Amino acid sequence: MQDTTIAARGLVLLGCGKMGSAMLAGWLDRGLPASSVWVQDPAPSLWVHGSGVHVNAELPNNPAVILIAVKPQMMGDALPDIAAFGGGDTVFISVAAGTPLSAFEEAFGAASPIVRAMPNTPAAVGRGITAICANAAGQAALDTAEMLLSAVGDVVRLDGEHQMDAVTGVSGSGPAYVFHLIETLAAGGVAQGLPEDLAMQLAKATVAGAGHLAMEADEDPGQLRVNVTSPNGTTQAALEVLMDKKSGFPSLLPRAVKAAHERSEELSRG
């Protein structure tokens, strides 16, 4: 599906919180006409109202795409309102966590093209990564989903929905792990005598800068770690704590990812 098709037939954005607003901003920046977008949201922001899109208006008869960005607990109320669009060539894309493809097939019919996506919160600043998969009828719609979701960051395609729970454990929930790393790194600086605001500034900038370097450098993260670790130096002393096989990251982070993975499985089963 081309941009021109979406512009001609329309795109419906169901839910326009932080994630929805970030996607909408990206689409408009890329040239999608505001007149081709219909936003359905109980409390749209002033920015949404001023963007030129249709807000809580009657939907087009045959939209090209309906992107579902409501909270999972609101899904039961939201899906019946758009069920009538199922069974045709309208592409349904969901960015709601924990709702499997089967739930959408039940609502819209298995013949409907449905894409399930797992973005993460850095998408709100255009630096996210989103994993996508589709039902049997939606394989051809993956190109459309990738085009739309790339407005807020990188997009990767999964071999199948069976990988989505693991993705949740790594990138879906992962930003929270990094935020906690920032918290605890700053706390370590305070414990060594730094003022709280300075310690937090150093921790935020260090994590952000290291992440950017990891994305831009030719070397893999392991080599980047080696590059900054002088023999018997300060970094090595710290890494001996962090790389301890029993108490350090090699044990801790896989356990965290496993816990998130298992909880994601539980939520998907209802």
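Above: the structure in question.
Sequence order sets the numbering: in each chain, residues are counted from 1 along the sequence as written. Since the coordinates come from a predicted model, pLDDT governs what is reported: local features require at least 70, and pairs of side-chain atoms require 80 or more to be given and counted, while whole-chain, interface and lining totals use all residues. To get the side-chain values, all heavy atoms of the structure are used, and hydrogens and water are removed first.

Draft legend 1. Main features of unusual backbone geometry. Even without glycine at this site, Asn 56 takes up a positive phi of about 50°. Overall, Asn 56 belongs to the partly exposed group, its relative accessible area being 42%. The classification of residues rests on relative accessible area computed with a 1.4 Å probe and restricted to protein chains. Under 20% of the type maximum is buried, over 50% is exposed, and intermediate values are partly exposed.

Draft legend 2. The arrangement of helix α2 (residues 18-29) in detail. If you check α2, its first and last C-alpha atoms are 16 Å apart, about what 12 residues at 1.5 Å a residue would give, namely 16 Å. Gly 20, Ser 21, Ala 22, Met 23, Leu 24, Gly 26 and Trp 27 are the residues of α2 that are buried. Note on contacts: a residue pair qualifies if any of its non-hydrogen atoms lie within 4.5 Å across the two residues. A run of H or I in DSSP counts as a helix once it spans at least four residues, and a run of E counts as a strand once it spans at least two, with each numbered from the N terminus. Where α2 is buried, its residues meet β1 (11-14), β2 (37-40), α3 (46-50), β4 (65-68) and α6 (142-149). Between the first and last residue of a helix there are one fewer steps than residues, each counted as 1.5 Å, and that sum is the expected span.

Draft legend 3. Here's a closer look at the packing of aromatic side chains. Aromatic contacts are taken between Phe, Tyr and Trp rings whose centres are within 6.5 Å, Trp giving its six-membered ring; a plane angle under 30 degrees counts as stacked, one over 60 as edge-to-face, and the others as tilted. Enumeration according to the criterion identifies 2 aromatic pairs in this entry. A centroid spacing of 3.9 Å and a plane angle of 5° characterise the contact between Phe 92 and Phe 108, whose relative ring orientation is stacked. Of this pair, Phe 92 sits in strand β5 (residues 91-94) while Phe 108 is found in helix α5 (residues 101-108), placing the two residues 16 residues apart along the sequence. For the pair shown, Phe 92 and Phe 108 are each scored as buried. Both rings, one in Phe 104 and one in Phe 108, keep their centres 6.3 Å apart while their planes meet at 15°; by these two values the pair is stacked. With Phe 104 and Phe 108 both in helix α5, this residue pair falls 4 residues apart, about one helical turn. Using a relative accessible area of 1% as the deciding quantity, one classes Phe 104 as buried. With a relative accessible area of 5%, Phe 108 lands in the buried category. A connected cluster of aromatic rings, assembled from ring pairs, spans Phe 92, Phe 104 and Phe 108.

Draft legend 4. Region of interest: the environment of Asn 62. Along the chain, Asn 62 falls in the loop between β3 (54-55) and β4. We classify Asn 62 as partly exposed; its relative accessible area is 38%. Sequence separation between Asn 62 and Ser 173 is 111 residues, and the spatial gap between their C-alpha atoms is 35 Å. Residues within four places of Asn 62 in sequence aside, it is in contact with Arg 9, Asp 89 and Thr 90. In protein, a polar contact requires one atom able to donate a hydrogen and another able to accept it; more generally it is a pair of N or O atoms within 3.5 Å, and residues adjacent in sequence count only if both atoms are side-chain atoms. Reaching out from Asn 62, the side chain makes a polar contact with the side chain of Thr 90 at a distance of 3.4 Å.

Draft legend 5. Representation of the packing of helix α7 (residues 164-172) against helix α8 (residues 174-191) in the model. Comment: axis = line fitted to C-alpha atoms, over the contacting stretch for helices; angle = value between 0 and 180 degrees taken between N-to-C directions. Following both chains from N to C, one finds α7 and α8 inclined at 30°, their axes separated by 5 Å at the closest point. When the axis of α7 is compared with that of α8, the two are roughly parallel. Touching Thr 168, Gly 169, Val 170, Ser 171 and Gly 172 of α7 are Gly 174, Pro 175 and Tyr 177, all from α8. Class assignment for the residues of the contact of α7 with α8 results in 3 nonpolar, 5 polar and no charged. Note on angle classes: values under 35 degrees are labelled roughly parallel, values over 145 roughly antiparallel, values of 65 to 115 roughly perpendicular, and the remainder oblique. Classification used: nonpolar for Ala, Val, Leu, Ile, Met, Phe, Trp, Tyr, Cys and Pro, charged for Asp, Glu, Lys and Arg, polar for all others including Gly.

These figures come from the coordinates and say nothing about function on their own.
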